[in-house]
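Structural characterization, general
Given next are the chains, with one letter for each unit.
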Amino acid sequence: EKGNYPHFMLKEIFEQPETIENAIRGRIDHEMGTAILNGMNLSPRELALINRIVIAGCGSSMHAGMLGEYYFEDIAGISTSVEQAAEFRYRNPIIEPNTLVIPISQSGETADTIAAVREATAKGAVVTALCNVVGSTIARESGRGVYLHAGPEISVASTKAFSSQVVVLLLFALLLGRNRRLSRSEGNELADQIEQIPELIRSVLLQAPEIKKIAERYADKEDFFYIGRGCLYPTALEGALKLKEISYIHAEGYHAAELKHGPISLLDERHPVLALANDIPGKDKIIGNIQECRARKAPVVAVITRGDSAVRSMTQDVIEVPPCSRFIAPLPTTVALQLFAYYVAVARGCEVDQPRNLAKSVTVE
Ligand code: F6R
C-alpha cells in the first residue's frame, strides 16, 4: 500500500533509511572489524583464494555492480570487472577456478542475468547472487548469496533495491578487505561509515522540498547530461537512467572527463548538466568541468557537500548532501537524484510508477 504517498516510487525513496538498516542488520562484527554475510557460504579458504570477481547485471543493478568494482578493487585489492549480463553470456567470458561471479538482480527473474548465472555455473565459477526477491530464480539457481531485505519494490524505477545492492557490495568489500589487506581498525572505520548511511539519507530526504523546487525549474528541458568522477561516475549513470525512464527526458550519464571527447559540442542553454561536485577526491576537476559548461551557457545543477562554498558562485541550483567519504558518497547522492527525477516526472505529468514501454522485470531477452 502507498500509505500517504502519491506514488510507490516516492514511498520507496523515503523507505531507504529503514531498508538500508535492514540490509546492514546483523551483518557487522565490530569485534573483528568485518562483515558477516552467512548466505555467501564461502569458507575462509574459498574467500582467500578468490583472485578475480566478475559482476553481471542489467540497468540499475549493473550500475550498482560498477560501484562494486570500485569497492572490490580499492578496498579489497581484487581485480573486478562488470558485464552487462547479456554480454556475459554471449562473449565467452574467461572464468578460472578462483573467479567469483556475482549476479545482481532485484527481481531475480531478469532473463539475461539468469542466463549469465547458468553460463557461469557451467564454466565452474563460484556464484554468489545479490537478490531482493526471496526464492527467485537467480537466488535459487545460484545456491548461495545475500538477500537485500529491501521489501517489495513496486515502482518500476528501482530505488531502494539499488541502494541496498550498493550497501551489500560495500559489506562484501569490507569482508574481503579484512580477509586480505585491511587492519581491524581500518575495517571498523569502514563499518562505522556504513552504519551512518541511513542517517545521511535521512538528511537528504529532509531536503525534498528544495529539490522539488529545482526540479520544477528544469521540467521543461528535453536533454540532460549527468557527469561524475570516481564512485560518482556510476552514480551519474544511475541518476540519468532514473530521469530518462520516468520523465522521458533524454538524459545521458558521462564520466566528466569524457565531456571534452565529444559531448561538449552539444552544450548550450538547452542542454543542462547535472554535475556531481561532492567534496571528495576529484572535486577540483569537476569544478573545472562546471566552468567549461557554464562558458557554453549550459545551465548547471550541482550536487555539493553541505557547507562547501566552492561551487556556489557558479550556479544557484545546488543540492546539498552531508559530508561523507568517497565510498559512501554514491548513496546520499543517489537519493538526491532519485528525488530530482521523481519531481521532474511529476511536474511533467508522467505516470511515475508505470512508465510507458517498461515492465518491472524483464523476463525475455
Ligand atoms: C531501472 C530499472 C531497471 C532494472 C533492470 C534489472 O530503474 O528498474 O534498469 O534495474 O531491469 O532488473 P533486476 O534488478 O530485477 O534484474
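Residues numbered from 1 in each chain as written. Predicted model: local features only at pLDDT ≥ 70, side-chain atom pairs only at ≥ 80, totals over all residues. Heavy atoms only, no water.

**Some details on the site of the ligand**
Let me state the cut-off plainly: The rule for a residue being near a molecule or strand is that one of its heavy atoms must lie within 4 Å of it. Pairs of N or O atoms are called polar contacts if they sit within 3.5 Å, as long as, within protein, a hydrogen donor faces a hydrogen acceptor (for residues adjacent in sequence, only side-chain-to-side-chain pairs). Accessible surface is estimated by sampling points in the Shrake-Rupley manner with a 1.4 Å probe; for residues, cover comes only from the protein chains shown. A run of H or I in DSSP counts as a helix once it spans at least four residues, and a run of E counts as a strand once it spans at least two, with each numbered from the N terminus. Lys, Arg, Asp and Glu make up the charged group, whereas Ala, Val, Leu, Ile, Met, Phe, Trp, Tyr, Cys and Pro make up the nonpolar group; the residues left over, Gly among them, are polar.
Neighbouring residues of the ligand: 14 residues in total, closest Ser61, Ser105, Gln106, Thr110 and Glu245. Contact between the ligand and Ser105: an oxygen atom at 2.6 Å from a side-chain N or O atom of the residue. One of the backbone N or O atoms of Gln106 is found 2.6 Å from an oxygen atom in the ligand. When isolated, the ligand has an accessible area of 410 Å², and the protein chains bury 90% of it. Elements that contribute at least two residues to the shell around the ligand include exactly helix H4 (59-76) and helix H12 (232-247). For the shell around the ligand, the residue count by class is four nonpolar, eight polar and two charged.

**A closer look at the packing of aromatic side chains**
Just so we agree on the cut-off: Whether two aromatic rings pair depends on their centres lying within 6.5 Å, for rings of Phe, Tyr and Trp, where Trp uses its six-membered ring; planes under 30 degrees apart make the pair stacked, over 60 edge-to-face, and the rest tilted. Between buried and exposed lies partly exposed: a residue is buried under 20% and exposed over 50% of the maximum accessible area for its type, with that area taken using a 1.4 Å probe on protein chains only.
Scanning the model with the defined rule gives eight aromatic pairs in all. An angle of 55° between the planes, with centres 5.8 Å apart, marks the rings of Phe224 and Tyr226 as tilted. We classify Phe224 as buried; its relative accessible area is 1%. Under the relative-accessibility criterion, Tyr226 is labelled buried at 0%.

**Comments concerning the sheet that holds strand E9 (residues 223-228)**
For clarity, the threshold we go by: For two strands to be treated as a pair, DSSP must find no fewer than two bridges joining them. Simply put, an axis is a line fit to the C-alpha atoms, just over the touching stretch for a helix, and the angle between two N-to-C directions goes from 0 to 180 degrees. A contact between two residues is defined here by any heavy atoms of the two lying within 4.5 Å.
Spatial ordering of the open sheet is given by E10-E9-E11-E12-E13, a layout of five strands whose pairing is parallel. For this open sheet the edge positions go to strand E10 (250-255) and strand E13 (318-321), each flanked by a neighbour on one side alone. On average, adjacent strands in this sheet sit at an angle of 15° to one another, irrespective of strand direction. With six bridges joining them, E9 and E10 adopt parallel strand pairing. The residue bridging Gly228 from the neighbouring strand is His255, located in E10. The sheet strands contacting helix H13 (residues 283-295) are E9, strand E11 (273-276) and strand E12 (300-305), and the helix crosses E12 at an angle near 160°. Running over the sheet, helix H14 (residues 330-347) touches E9, E11, E12 and E13 and is turned about 140° from E13.

**Considering the confidence of the model for the protein**
Threshold: Known as pLDDT, the predictor's confidence for each residue is given on a scale from 0 to 100.
Looking at the protein, pLDDT values average 96 and 100% of them are 70 or higher. Predicted complex metrics record ipTM = 0.98 and pTM = 0.97.

**Here we look at the pattern of salt bridges**
Which entries qualify depends on this criterion: Whenever Lys or Arg places a side-chain nitrogen within 4 Å of a carboxyl oxygen from Asp or Glu, that contact is recorded as a salt bridge.
Counting across every chain of the model gives 22 salt bridges. The shortest N-O distance in the salt bridge between Glu18 and Arg202 comes to 3.7 Å. Separated by 184 residues along the polypeptide, Glu18 in helix H2 (residues 16-24) and Arg202 in helix H10 (residues 197-205) bring together distant segments of the chain. Arg202 gets classed as partly exposed once you look at its relative accessible area, which sits at 27%. Among the charged side chains, a network of salt bridges with common partners joins Glu18, Glu21, Glu199 and Arg202.

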